[in-house]
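The primary structure of each chain is shown beneath.
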Amino acid sequence: MSQTALILGASGRFGRNAAQAFSNAGWGVRRFDRRSDNLHSAARGADVIVNAWNPLYPDWAKQVPELHRQVIDVASEHDLTVIVPGNVYVFGADTPGPWSSETPHLARNPLGRIRIEMEEAYRASSVRTIMLRAGDFIDTTASGNWFDQIMIKHLQRGRFVYPGNPDIQHSWAYLPDLTRSAVALADIRGELPRFCDVPFAGYTLTGNEMAQMLSQMTGQDIALKQMAWWPLQLARPFWRLAPHLLEMRYLWDTPHRLDGSFFNELLPGFSLTEPNEALRNAIPKPKVSDAAQRTGAALRS
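Quick caveat, the model's predicted, so the values are computed rather than measured.

Conventions and cut-offs
Residues numbered from 1 in each chain as written. Predicted model: local features only at pLDDT ≥ 70, side-chain atom pairs only at ≥ 80, totals over all residues. Heavy atoms only, no water. Pairing = 2+ DSSP bridges. Helix = DSSP H or I, 4+ residues; strand = E, 2+ residues; numbered from the N terminus. Axes fitted to C-alpha atoms, helices over the stretch in contact; angles between N-to-C directions. Contact = heavy atoms within 4.5 Å. Buried < 20%, exposed > 50% of the residue type's maximum accessible area, 1.4 Å probe, protein only. Core = buried A, V, L, I, M, F, W, Y, C linked by side-chain atoms within 4.5 Å. Phe/Tyr/Trp six-rings, centres within 6.5 Å; stacked < 30°, edge-to-face > 60°.

A. Here's a closer look at the sheet that holds strand S3 (residues 48-51). The sheet built from six strands is open, its strands ordered S2-S1-S3-S4-S5-S9 with parallel pairing. This sheet does not close on itself; its edge strands, each paired only once, are strand S2 (28-31) and strand S9 (195-199). For this sheet, the mean angle separating the axes of adjacent strands, direction not counted, is 20°. As paired elements, S3 and strand S4 (residues 81-86) share three bridges and run parallel to each other. Counterpart to Val50 in the pairing with S4 is Ile83. The sheet strands contacting helix H1 (residues 13-24) are strand S1 (4-8), S2, S3 and S4, and the helix crosses S1 at an angle near 170°.

Set out below in structure tokens:
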């Protein structure tokens, strides 16, 4: 029997990859359009809601509680499972690792508190919820995240720009793998606890390890350069995103990894894409010049 996933935020990073993953697995996929669709109507006949709505940081305090309240109400009315892409913000800077489903949520910064309260709203509800928790995303296309906007922006010039201490571990998730695991968890949703917090270990890499992988796959001598944060400090008064980026800076200087033991228990046969392959898929392909294209065409003729 065909199953249907309603994707909220289908044009965003997680939502776009989730729509592809569910479609590849044979699910029917509904992409919700907030401009024209009604959430109650769109949820009718669905089996799972993938709640990938993610406003910009400055809008979190105003929008996140209300958006998730709507989803909880609709999921409760239609008896649907909600899959939420969780993050590591809830743990805070001083929480010992590795971070697991048993790790207390001790964040005290504003964005961390908003995420804690959002997760507690699901936990306090009757809605079956899968909180699929991951670190920073590695996408297959430029999507405005740290990796493509900052880190590999100047890769073709031989520079890898890293926002923090390149010697400490940082948690990463390759989005095709992460969303493929969302499908696998949706398939066994009836066997899971009502509120199921599932850390996705993904890759735990240092900045230096990533730079070395990129050097090997590109054939270039990639130099790691640490990102300067002072421009964000200067931008604080007039760029509303800057204070929130600075607020989360601690994650680049706090070694952390996610404990994947519970995930492996739930999905013992799940295999990850090799990290070098994930990075290869994430970096832009070298542009072919017009002259090279003409030469190639001549050789083929």
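B. Here's a closer look at the side chain of Ser171. Mapped onto the secondary structure, Ser171 falls in strand S8 (residues 170-174). Exposure remark for Ser171: the relative accessible area of 0% places this residue in the buried category. Filtering out sequence-adjacent residues up to four positions away, Ser171 remains in contact with Gly135, Asp136, Ala201, Tyr203, His256, Arg257 and Leu258.

C. Structural view of the nonpolar core. Counting residues in each nonpolar core, the largest one holds 69 residues, and the members touching the most others are Leu6, Ile49, Met151, Phe160, Trp172 and Leu214. Element by element, the count of residues in this core is highest for helix H3 (residues 60-78), at seven residues. One finds Ala5, Ala18, Trp27 and Phe200 within the second-largest nonpolar core, a separate group that totals 33 residues.

D. A look at the pairing of S8. Of all five residues that make up S8, five are buried, and the element is covered over most of its length. Alternating positions in S8 separate into two faces, His170, Trp172 and Tyr174 on one and Ser171 and Ala173 on the other, with burial throughout. In this structure, strand S6 (residues 136-138) lies alongside S8, joined through three bridges in parallel fashion. Note on S8: the bridge partner recorded for Ile138 is Tyr174. Sheet analysis places S8 next to strand S10 (residues 203-205), joined by three bridges and oriented antiparallel. Within S10, the residue paired with Ser171 across the bridge is Thr204.

E. Structural detail: the sheet that holds S10. Reading across the sheet, the three strands line up as S6-S8-S10 and stay open at both edges, with mixed pairing between neighbours. Both edges of this open sheet fall to S6 and S10, since each of them pairs with a single strand only. Strand after strand, the sheet turns through a mean of 40° between neighbouring axes, direction not considered. With respect to the sheet, helix H11 (residues 275-282) is in contact with S6, S8 and S10, its orientation differing from that of S6 by roughly 75°.

F. Geometry of the packing of aromatic side chains. Under the definition given, this model contains 15 aromatic pairs. Judged by centre distance (5.2 Å) and plane angle (90°), the ring pair of Tyr57 and Trp60 falls under edge-to-face. The exposure class assigned to Tyr57 is buried, which follows from its relative accessible area of 15%. Under the relative-accessibility criterion, Trp60 is labelled buried at 2%. Considering the side-chain rings of Phe263 and Phe270, the 5.3 Å spacing of their centres and the 90° angle between planes classify their relative orientation as edge-to-face. For the residue pair Phe263 and Phe270, the accessibility class agrees, reading buried in each case.

Limitation: the analysis is restricted to geometry and does not speak to function.
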